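Chains, contacts and geometry: an overview
These are the residues of each chain, in order.
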Amino acid sequence: QVQLVESGGDLVQPGGSLTLSCAASGSIFSFNAMGWYRQAPGKERELVAAITRGGITNYVDSVKDRFTISQNMAKNIVYLQMNSLKFEDTAVYYCNAKRISSERLTQDYWGKGTLVTVSS
């Protein structure tokens, strides 16, 4: 079974920075895309950032120019560098791996999440 383990969540002051890591049990090259989702209190889960095998990235508008997603294929780790953190960034962040089969069906895998709290 695919295993995704997040780390790096912490309590951070507004304007601060934090880097999240997602370690995969297998090769992340086997996935079509990796990404980070988050769920804030009272909110629905949303896609924060995603990156394809080829390195193409996508971000939700609220984090553009502040967050950067990257991947280390050799180490099977996906990162989310978060800068200029705001109160509204407070959420549980989940690592996601997406694989599209030859039948064009999508299979999603999830980590258990890591909590990021932005507070003064």
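Structural data are supplied above this passage.
About the thresholds
Every chain is numbered on its own, with residues counted from 1 as its sequence reads. Only residues with pLDDT of at least 70 get local features here, since the model is predicted, and only at 80 or more are side-chain atom pairs given and counted; chain-wide, interface and lining totals rely on the full set of residues. Only heavy atoms go into the side-chain values, all of them from the structure, while hydrogens and water stay out. We call a pair of cysteine sulfur atoms a disulfide when they lie within 2.5 Å. Strands are runs of DSSP state E lasting at least two residues, helices are runs of H or I lasting at least four, and both sets are numbered from the N terminus onward. Three labels apply to residues, based on accessible area from a 1.4 Å probe with only protein chains included: buried if under 20% of the type maximum, exposed if over 50%, partly exposed otherwise in between. In what follows, salt bridge is the name for a side-chain nitrogen of Lys or Arg lying within 4 Å of a carboxyl oxygen of Asp or Glu. A strand pair is defined by DSSP finding two or more bridges across the two strands.

1. A few points about the state of the cysteines
Within this structure, the stated rule accounts for 1 disulfide. The side chain of C22 participates in a disulfide bridge whose partner is C95; the two sulfur atoms lie 1.9 Å from each other. Taking the sign of the torsion about the S-S bond as the criterion, the disulfide between C22 and C95, at about -80 degrees, is left-handed. Here C22, found in strand β3 (residues 18-24), pairs with C95, found in strand β9 (residues 91-100); they are 73 residues apart in sequence, far enough to count as distant. The burial state of C22 is the same as that of C95; both residues are buried.

2. Focus on the pattern of salt bridges
Between side chains of opposite charge, pairing is possible as soon as their charged atoms come close. The final tally for this structure, using the stated rule, is 5 salt bridges. Between R38 and E46 there is a salt bridge, with the nearest N and O atoms lying 2.8 Å from each other. In this structure, the salt-bridge partner of K64 is D61, at a minimum N-O distance of 2.9 Å. Three or more residues are tied together by salt bridges with common partners; here these are R38, E46, R66 and D89.

3. Some remarks on the pairing of strand β7 (residues 67-72)
Side-chain alternation along β7 places F67, I69 and Q71 on a buried face and T68, S70 and N72 on a face that remains uncovered. Pairing geometry for β7 and strand β8 (residues 77-82), over 6 bridges, is antiparallel. Its bridge partner being in β8, F67 is matched across the sheet by M82.

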